[in-house]
Amino acid sequence: MSNLDRHAVPSVCGGRGFVVAEPVRELLSPRQVRLGESTEVRRLLPNLGRRMIGAWCFVDHYGPDDIADEPGMQVPPHPHMGLQTVSWLHEGEVLHRDSTGSLQTIRPKELGLMTSGRAISHSEESPRPHARFLHGAQLWVALPDAHRDTDPHFEHHPDLPTVTAPGLTATIVLGALDGSASPGTAYTPIVAADLALSHGADVRLPLDPDFEYGVLAMSGEVHVDGVPVLPGSMLYLGCGRTELPLRAESDAGLMLLGGEPFEEELIMWWNFVGRTQAEIEQARADWTTGSRFGEVKGYDGAPLAAPSLPPTPLKPRGRTR
Ligand code: MN
């Protein structure tokens, strides 16, 4: 998915200044964002006062939407650099195309992992015909400096490892949890796990005290470390935890996101993650002139035009909050 905001505002993130070293319970409210004609998403990251969790720098939750009589998701070709995108579905399907020639339908609980490296472009659409309901999350992972110029590539992993406990099935989406590792390529110490809880489940999830974590609620009624977290909201948990209590008041679906605090400072603008204003300007210019980002074949529609850059130069923020 894309940041389709026509008035894209730059966001400076990363750096130790935002990281909370001890366990906290900070509820993040979503911001409603319209994506194109028919899809509205709830944006959890970047959020006011909270820009990243580990290397996770962008989190959108969408649906469940009844798209029986709608086109559903229609995100035209657009560029990315300096990041990975994770497509994660609970219902429906998304057809992914990209400039490396990928053409892949992504279905519930399958990992679609796109590594932009220095440059990629892609489109995402609800195929025709499509399932009635569409429900999922779109996440971005910032690439560290040592890997951000890597070759662009796309991975599809339909069979992911799971960890179970009474009332819990955890699917390891990226990184590792409780000794089980995702086959998806990660470039920093990170984790994403899909947590399916059944009504009445009361479990403790093992965590790494060096990671910071957040939990995105996608469905059902659940208490995360005692805090009720409604679908479409996220609870930031800080660092220093060895376990996380979860209690489900109904069947519920969550995503655990975590990672080592991301210490490099970043500039995020539109669909780009960079380090300097000049890099962002160059990426915008390259997309506008049709160079570097390749071509997405087969999408029925024009590519997205880049919005204007704000007149004030973007600068990484200092390390203090
Ligand atoms: Mn995208």
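Residues numbered from 1 in each chain as written. Predicted model: local features only at pLDDT ≥ 70, side-chain atom pairs only at ≥ 80, totals over all residues. Heavy atoms only, no water.

S.K.: I tried to follow the overall build of the protein on my own but got confused; where do I start?
M.R.: Looking only at helices and strands, the protein features 1 helix and 26 strands. Taking 321 residues into account, the globule formula puts the C-alpha radius of gyration at 20 Å, and the protein, at 18 Å, falls close to it. Viewed in the frame of its principal axes, the protein has a C-alpha envelope of about 55 × 50 × 30 Å. Per-residue burial for the protein yields a buried fraction of 58% across its 321 residues. Taking the intrachain contacts of the protein between residues at least 6 apart in sequence as the baseline, contacts between residues at least 24 apart amount to 75%. Averaging the positions of the 27 positive and the 41 negative side-chain charges in the protein gives two centres separated by 6 Å. (Helix = DSSP H or I, 4+ residues; strand = E, 2+ residues; numbered from the N terminus. Rg over C-alpha atoms; globule rule 2.2 N^0.38 Å. Buried < 20%, exposed > 50% of the residue type's maximum accessible area, 1.4 Å probe, protein only. Contact = heavy atoms within 4.5 Å. Lys, Arg positive; Asp, Glu negative; His and termini not counted. Charge placed at Lys NZ, Arg CZ, Asp CG, Glu CD.)

S.K.: For this particular structure, what's the right way to read the pattern of salt bridges?
M.R.: Any two side chains of opposite charge can pair, on the condition that their charged atoms come close. Evaluation of the coordinates by the stated rule reveals 14 salt bridges. Measuring nitrogen to oxygen at the nearest pair gives 2.8 Å for the salt bridge that ties D66 to R132. Here D66, found in strand β5 (residues 56-66), pairs with R132, found in the loop between β11 (120-125) and β12 (133-142); they are 66 residues apart in sequence, far enough to count as distant. On the basis of relative accessible area, R132 is assigned to the partly exposed category, the value being 49%. E279 is the salt-bridge partner of R148, the closest N and O atoms lying 3.0 Å from each other. Here R148 is found in the loop between β12 and β13 (153-157), whereas its partner E279 is found in helix α1 (residues 277-288), with 131 residues between them in sequence. Judged by relative accessible area, R148 falls into the buried class, the value being 13%. Through salt bridges that share partners, D145, R148 and E279 make up one connected network. (Salt bridge = Lys/Arg side-chain N within 4 Å of Asp/Glu carboxyl O.)

S.K.: Sorry if this is basic, but what is going on with the packing of aromatic side chains here?
M.R.: Working definition: an aromatic ring pair is given by the centre-to-centre distance plus the angle between the planes. Within this structure, the stated rule accounts for 7 aromatic pairs. On the numbers, 3.9 Å between centres and 15 degrees between planes, the contact of F58 with W140 is stacked. On the criterion of sequence distance, the pair formed by F58 in strand β5 and W140 in strand β12 is long-range, its members being 82 residues apart. For the pair shown, F58 and W140 are each scored as buried. Taken together, a centroid distance of 6.3 Å and an interplanar angle of 40 degrees make the contact between W269 and F272 tilted. (Phe/Tyr/Trp six-rings, centres within 6.5 Å; stacked < 30°, edge-to-face > 60°.)

S.K.: Help me understand the nonpolar core, please; the structure alone is not making it clear to me.
M.R.: Considering soluble globular proteins, one finds that nonpolar side chains tend to be buried as a cluster. By size, the foremost hydrophobic cluster in this structure holds 39 residues, and its most contacted members are W56, V86, L139, L174, L216, M234 and M255. Considering every element that reaches this core, the biggest residue donor is β12, with 5 residues. When neighbours within four sequence positions are excluded, W56 is seen to be in contact with L45, R51, V86, L139, W140, V141, L174, I190, V191, A192, L257 and G258. (Core = buried A, V, L, I, M, F, W, Y, C linked by side-chain atoms within 4.5 Å.)

S.K.: What is the right way to look at the side chain of S116 in this model?
M.R.: You can see S116 is positioned in the loop between β10 (111-115) and β11. Among the residues examined, S116 registers a relative accessible area of 0% and is labelled buried. With residues near it in sequence (within four places) discarded, S116 still touches H80, M81, G82, L83, T150 and P152.

S.K.: How do you make sense of the pairing of β11 when you look at a structure like this?
M.R.: It is a general feature of regular strands that their side chains alternate between the two faces of the sheet. Most of β11 sits out of view: 6 of its 6 residues are buried. Side chains of β11 alternate between two faces, with I120, H122 and E124 and S121, S123 and E125 buried alike. For strand β6 (residues 74-80) and β11, the ladder comprises 5 bridges, and the chain directions are antiparallel. When the sheet's bridge partners are listed, Q74 is paired in β11 with E125. Pairing geometry for strand β8 (residues 94-98) and β11, over 4 bridges, is antiparallel. Paired with D98 across the bridge in β11 is H122. (Pairing = 2+ DSSP bridges.)

S.K.: Is there a simple way to think about unusual backbone geometry in this case?
M.R.: Where the residue is not glycine, phi is negative for most of them; where a peptide bond is considered, it is trans in most cases. In this structure, P46 follows L45 across a cis peptide bond, with omega equal to -10 degrees. Here P46 is to be found in the loop between β4 (39-45) and β5. Residue P129 follows R128 across a cis peptide bond; omega there is -5 degrees. Structurally, the position occupied by P129 is in the loop between β11 and β12. Residues other than glycine seldom take positive phi values, yet D225 does so here, at roughly 50 degrees. Within the secondary structure, D225 is located in the loop between β20 (222-224) and β21 (227-229). Given a relative accessible area of 19%, D225 falls into the buried group.

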